[in-house]
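So you can see what is in the structure, the chains are spelled out below.
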Amino acid sequence: MTGRSPRLGRLRRSASDGRVVRPAEARGGKPRRRGTQPKVVALGGGMGLSASLTALRRITGDLTGVVTVADDGGSSGRLREELGVLPPGDLRKALAALCGDDDWGQTWARVIQHRFQSQGEINGHAVGNLLIVALWEQLGDHVMALDLVGKLLGAQGRVLPMSAVPLELQALVKGHDPERPDDVDTVRGQATVALTPGEVQSVHLVPHDPPAVPEAVDAVLDADWVVLGPGSWFSSVMPHLLVPDLLDALMETRARKVLSLNLAPQPGETDGFSPQRHLEVLGRHAPKLALDVVLADVAAVPDRDSLTDAAKRFGAAVELAPVARPDGTPRHDPELLAAAYDRIFRMHGRIGPWR
């Protein structure tokens, strides 16, 4: 399987003058001709990435989701442990988010999200997880298999794993043991980190220098806009910055970058975090990363000046917009989030003739 192959080589080539060349140029081909809509890459995992993709597919058909592969809980964790595969769950959720609103798309979205309920071994497994893993075993290629699932679903975009190998997320957590509030312990596993008590100081991946999927790097380098977040900050958003080739691509791409903040702190992982605190911890993990826009829900920012100051350290402007569902739950409304992204793409400059 692809997930067990040796580390991929360098994913970019440099021209003689030292500049980074894009994949098409490096192969001696012509640069991609941009179309009439923005080419957007969204990075994340879980429900946060699903929210972004559900919104973004409403404003562009040139869309790629790059998904974290550190999940070790639930059906994904069981398949990962038993078969040694990438965790398929977040990839499945991203594919479901890209399904259209017609009968075909919504039927397949429900099918791949369906979980079996039984007294046996299949209990809790999602249909889409089993389908994705079956195609990985049949084809021996992660990207080809996901593209085939996307074709079956009529997905309005593409889904890629950020790395070709299963990753373990580890966190340094202060006060993880309530009886030792000043001690810092290592907490292992994405599912555990997401709900950990104590204060997460930093996260890292095992292996520490994982390979990026080449197609994911290509997508970032060739994008008009890259969207990072929303999602579980330490377990879904931050891991993308810990894959060296992917971080390099984020720093080298000519794409503009928008960071989409969460609607509320996540219990356990980011308890008590202000919007600006989210930016501060991201800056500690990727101090050289530049951003163009920080998007936040207008009702979730009690101190706009502090958030503006934090965003300036990344070179970013702050955009506040109503993006939450009107029912009061901390979930993004697809139409409102789509409107916010569309406004940002139109107001903050464009780099291709899709204008």
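A brief structural summary. (Residues numbered from 1 in each chain as written. Predicted model: local features only at pLDDT ≥ 70, side-chain atom pairs only at ≥ 80, totals over all residues. Heavy atoms only, no water.)

1. Here we look at the sheet that holds strand S7 (residues 225-228)
1) Next: Reading across from one edge, S3-S2-S1-S7-S8-S9-S10 is the order of the seven strands in this open sheet, with parallel pairing throughout. A strand with exactly one partner marks an edge of an open sheet, and here the two such strands are strand S3 (158-161) and strand S10 (317-321). Each strand axis lies, on average, 20° off the axis of its neighbour in the sheet, ignoring direction.
2) Next: When S7 meets strand S8 (residues 256-260), the two strands line up parallel, connected through four bridges. Residue pairing in the sheet places Val226 in a bridge with Lys257 of S8.
3) Next: Helix H4 (residues 89-97) rests against strand S2 (63-67) and S3 of the sheet, and its axis sits at about 165° to S3. (Pairing = 2+ DSSP bridges. Helix = DSSP H or I, 4+ residues; strand = E, 2+ residues; numbered from the N terminus. Axes fitted to C-alpha atoms, helices over the stretch in contact; angles between N-to-C directions. Contact = heavy atoms within 4.5 Å.)

2. Here we look at the environment of Thr192
1) Next: By the secondary structure assignment, Thr192 is in helix H8 (residues 190-194).
2) Next: Remark: the alpha-carbon pair of Thr192 and Ser235, spanning 43 residues in sequence, is separated by 9.5 Å.

3. Observations concerning the sheet that holds strand S4 (residues 168-174)
1) Next: Reading across from one edge, S5-S4-S6 is the order of the three strands in this open sheet, with antiparallel pairing throughout. Looking along the sheet, the strands with just one partner apiece sit at the ends: strand S5 (184-188) and strand S6 (199-206). Each adjacent strand pair in this sheet contributes to an overall mean axis angle of 25°, direction not counted.
2) Next: Examined bridge by bridge, S4 and S5 share five bridges and lie antiparallel to one another.

4. Some points on the nonpolar core
Nonpolar side chains tend toward joint burial in soluble globular proteins.
1) Next: The biggest cluster of nonpolar side chains holds 103 residues, and the ones touching the most others in it are Trp136, Leu241, Leu259 and Leu282.
2) Next: A total of six residues in this core trace back to one element, the largest contributor, which is helix H14 (residues 334-347).
3) Next: Ignoring sequence-local partners within four residues, the contact set of Leu259 consists of Leu228, Trp233, Leu279, Leu282, Leu291, Val293, Val294 and Leu295. (Core = buried A, V, L, I, M, F, W, Y, C linked by side-chain atoms within 4.5 Å. Buried < 20%, exposed > 50% of the residue type's maximum accessible area, 1.4 Å probe, protein only.)

5. Focus on the pattern of salt bridges
1) Next: Applying the stated criterion across every chain, the model contains 12 salt bridges.
2) Next: Two residues, Asp62 and Lys39, come together in a salt bridge whose shortest N-O distance is 3.1 Å. Note that Asp62 is positioned in the loop between helix H2 (46-56) and S2 and Lys39 in the loop between helix H1 (23-26) and strand S1 (40-44), a separation of 23 residues in sequence.
3) Next: Judged by relative accessible area, Asp62 falls into the partly exposed class, the value being 24%.
4) Next: In this structure, Asp177 and Arg180 form a salt bridge, with 3.3 Å as the shortest nitrogen-oxygen distance.
5) Next: Since its relative accessible area comes to 23%, Asp177 is described here as partly exposed.
6) Next: What makes Arg180 partly exposed here is its relative accessible area of 33%. (Salt bridge = Lys/Arg side-chain N within 4 Å of Asp/Glu carboxyl O.)

6. Some words on helix H3 (residues 74-83)
Since there are 3.6 residues in each turn of an α-helix, residues three or four apart along the chain are aligned in direction.
1) Next: Burial in H3 covers these residues: Ser75, Ser76, Gly77, Leu79 and Arg80.
2) Next: If you follow the buried residues of H3, they end up packed against H4, helix H6 (127-139) and S4.

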